[in-house]
Amino acid sequence: MEETEQSQPPTDNSQQAIPYGKQNITQADIEAVTEALKSDYLTQGPKIKEFEEAFAKYVGSKYAVAVSNGTAALHLNALALDVKPGDKVITTPITFAASANCVRYCGGEVVFADIDPETYLLDINKVRDILEKDVNKEVKGIIPVDFAGRAVDLEAFRKLADEYGLWIIEDSCHSPGGYFTKANGEISTCGSGEFADLAIFSFHPVKHIASGEGGMITTNDEKLYHKLLMLRTHGITKDADSFQNTIDFAIGQPQTAHRSPLTAYPPWYMEMQMLGYNYRITDFQSALGLSQLQRADQGIIKRQEIAARYYEAFKDIPQIKDRNYESANHQPPTANSEKPIANSQNGHAHHLYVIEAKDRLGLYNYLREQKIFAQIHYIPCHLMPYYREQGWQEGDMPNAEKYYKNCISLPMFPTLGEEEQNFVIETISSFYLQ
Ligand SMILES: Cc1ncc(COP(=O)(O)O)c(C=O)c1O
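What this report covers is the structure whose coordinates are included nearby. (Residues numbered from 1 in each chain as written. Predicted model: local features only at pLDDT ≥ 70, side-chain atom pairs only at ≥ 80, totals over all residues. Heavy atoms only, no water.)

1. Observations concerning the site of the ligand
Thought 1: In the neighbourhood of the ligand, 16 residues make up the surrounding shell, with Gly70, Thr71, Asp171, His174 and Ser202 lying closest.
Thought 2: Here an oxygen atom of the ligand and a side-chain polar atom of serine 202 are 2.7 Å apart.
Thought 3: Bound to the protein, the ligand loses 97% of the 380 Å² it would expose on its own.
Thought 4: Mapped by element, the contributors of at least two residues to the shell around the ligand are helix H3 (70-80) and helix H4 (98-105).
Thought 5: The element contributing the most residues to the shell around the ligand is H3, with three residues. (Near = heavy atom within 4 Å. Polar contact = N/O pair within 3.5 Å; in protein donor to acceptor, adjacent residues only side chain to side chain. Areas by Shrake-Rupley, 256 points an atom, 1.4 Å probe, with all protein chains shown as cover. Helix = DSSP H or I, 4+ residues; strand = E, 2+ residues; numbered from the N terminus.)

2. A closer look at the sheet that holds strand S14 (residues 353-357)
Thought 1: The strand order across the open sheet formed by three strands is S13-S14-S16, and the pairing between neighbours is antiparallel. Unpaired on one side and paired on the other, strand S13 (320-321) and strand S16 (407-410) mark the two borders of the sheet.
Thought 2: Running over the sheet, helix H10 (residues 296-314) touches S13, S14 and S16 and is turned about 15° from S14. (Pairing = 2+ DSSP bridges. Contact = heavy atoms within 4.5 Å. Axes fitted to C-alpha atoms, helices over the stretch in contact; angles between N-to-C directions.)

3. Focus: the nonpolar core
Thought 1: Ranked by size, the top nonpolar core spans 99 residues in total, and within it Val127, Phe147, Phe157, Ile217, Tyr310 and Ile428 carry the most contacts.
Thought 2: Among all residues touching isoleucine 428, those that are not within four sequence positions of it are Phe314, Ile320, Leu363, Leu367 and Leu410.
Thought 3: Of all hydrophobic cores here, the second largest spans 19 residues; its members include Phe51, Phe55, Leu293 and Ala296. (Core = buried A, V, L, I, M, F, W, Y, C linked by side-chain atoms within 4.5 Å. Buried < 20%, exposed > 50% of the residue type's maximum accessible area, 1.4 Å probe, protein only.)

4. What to know about the packing of helix H2 (residues 46-59) against helix H9 (residues 283-293)
Thought 1: Put simply, H2 and H9 touch, their axes get as near as 8 Å, and they point 30° apart. With respect to H9, the axis of H2 lies roughly parallel. Crossing geometry of H2 relative to H9 is assigned as left-handed. Residues Pro46, Lys47, Ile48, Glu50, Phe51, Ala54, Phe55 and Tyr58 of H2 form the contact with H9, whose participating residues are Asp283, Ser286, Ala287, Gly289, Leu290 and Leu293.
Thought 2: Split by residue class, the contact of H2 with H9 holds nine nonpolar, two polar and three charged. (Parallel < 35°, antiparallel > 145°, perpendicular 65-115°, else oblique. Left-handed = near helix turned anticlockwise from the far one by under 90°. Nonpolar A, V, L, I, M, F, W, Y, C, P; charged D, E, K, R; others polar.)

5. Some details on the pairing of strand S10 (residues 215-219)
Thought 1: Counting buried residues along S10, five of its five residues qualify, which places the element largely inside the surrounding structure.
Thought 2: Burial along S10 is two-sided: Gly215, Ile217 and Thr219 and Met216 and Thr218, pointing in opposite directions, are all buried.
Thought 3: Across five bridges, the pairing between strand S2 (residues 63-67) and S10 is antiparallel. Bridge pairing links alanine 66 to methionine 216 in S10.
Thought 4: Where strand S9 (residues 198-202) meets S10, four bridges bridge the pair, whose relative direction is antiparallel. Within the sheet, the bridge partner assigned to alanine 199 lies in S10 and is threonine 218.

6. Section: the sheet that holds strand S5 (residues 139-143)
Thought 1: Pairing is mixed across the open sheet formed by seven strands, whose spatial order is S2-S10-S9-S6-S5-S3-S4. Strands with a single pairing partner mark the edges of an open sheet, and in this sheet they are S2 and strand S4 (109-112). The sheet shows a mean angle of 25° between the axes of neighbouring strands, taken without regard to direction.
Thought 2: The sheet contact formed by S5 and strand S6 (residues 167-171) spans two bridges and is parallel. Residue glycine 141 lies in a different strand from S6, and its bridge partner there is tryptophan 167.
Thought 3: Contacts from H3 reach S2, S6, S9 and S10 within the one sheet, and its direction differs from that of S9 by about 165°.

7. With respect to the packing of helix H11 (residues 360-369) against helix H14 (residues 418-433)
How two helices sit against one another is set out by the angle between their axes and by the gap between those axes.
Thought 1: Running from N to C, H11 and H14 point in directions that differ by 130°, and their axes come no closer than 10 Å. Taken together, H11 and H14 sit at an angle that is classed as oblique. The handedness of the crossing between H11 and H14 comes out as right-handed. Each of Gly362, Leu363, Tyr366 and Leu367 in H11 lies in contact with H14, whose residues at this interface are Thr427, Ile428, Ser430, Phe431 and Tyr432.
Thought 2: Residues of the contact of H11 with H14, tallied by class, amount to six nonpolar, three polar and no charged.

8. Here's the deal with the environment of lysine 57
Thought 1: Relative to the helices and strands, lysine 57 resides in helix H2.
Thought 2: Between the C-alpha atom of lysine 57 and that of arginine 280, which follows or precedes it by 223 residues, the distance is 21 Å.

Here it is, written out as structure tokens:
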């Protein structure tokens with residue numbers, strides 16, 4: 001289930017392997033990293049703030065906190081929102097395990113709710129059913145996931161969360177640049193903080209933006225922002241206005257030793273005020289992320305082109321169910337649709353191209369024989385042995401379990417060339433037509 005860098009074994013004969021996802025490192029990226037490496041800072045330098053500010057602008061949030069990876073981002077969110085033993089948090093079973101695990105890190109209990117079989121996203125009606133039965137108010141929050149790049153309708157989730165006094169963490173790892181359309185017809189960008197309290201992103205190499213390892217938290221909540229900054233770095237603050245110990249203590253000697261009493265804390269002074277972690281990103285990773293961010297829109301345009309080609313190619317193959325353009329917000333692009341400027345024109349960030357395929361194992365093996373390394377996203381999280389031990393079992397999430405039997409993610413990354421796309425399409429067509 002863990003995503004490897006290119007999800008492909010090494011090969012020795014000539015035909016290039018085609019992974020399901022792949023990073024794109026350009027000369028500009030290399031130069032940006034080299035410049036950071038030559039500077040005075042390797043770790044806590046100026047590139048981090050630059051990356052945070054540029055990313056916040058990209059998704060439309062007030063604040064951004066860069067961290068060491070998406071899992072750390074989720075953990076910090078759960079800490080910032082005070083998840084405690086006994087608290088229950090609802091999430092989807094069709095996600096990477098980290099979306100659920102962050103609750104367990106804090107001793108909370110994960111409550112899985114089934115997916116909508118058409119969008120593969122957390123089904124709001126299933127969430128409502130759980131909340132209606134939560135008479136003791138044990139559920140504290142919801143973690144919807146923009147799975148595969150399709151944006152969750154957070155406006156609807158916010159309304160429901162408000163009825164029950166819950167927080168929302170949007171797991172936007174698959175959806176930088178994605179959006180959904182609000183009831184009033186305007187768009188709401190993934191990670192904007194318009195409806196979710198916090199959102200998280202990953203910069204793992206198979207994601208839209210790569211920084212090696214890396215992650216980002218976005219929010220519009222100033223209090224949570226300041227708490228996250230501290231939690232990211234051991235719970236330490238250097239903000240004199242929030243210091244709790246006295247100036248006398250900080251100076252380390254009685255004030256009488258000075259002619260006039262000191263009114264400021266000495267420059268070395270800092271305080272650890274809560275139990276935090278070292279979840280910092282480095283300066284050179286931020287330089288890479290920042291450089292990649294400049295091409296994020298181009299990447300989405302390429303992804304949309306590939307998605308449109310796949311959709312067209314598979315729509316007449318009866319053994320394939322392709323739901324990539326299902327739901328009102330996500331129409332396939334047309335020849336005259338305007339090119340997106342800042343975001344995906346159809347809302348779907350197309351991180352993954354998932355289809356439901358008859359004889360999935362046969363197709364998967366056939367593709368592998370041709371060195372096309374498709375992937376499966378995801379094995380339902382509630383059926384991982386760890387979560388089975390918590391009491392989850394087969395039959396609990398019928399839609400997710402049915403989806404898992406046939407889902408397969410096809411190669412989808414901006415540098416997937418036309419010839420490679422043709423090869424993928426021809427190979428899949430020939431599997432079903434042979
Ligand atoms: C949906 C989702 N959430 C969280 C994560 C965790 O991100 P990271 O690998 O950066 O820790 C991932 C990455 O695989 C993911 O796909």
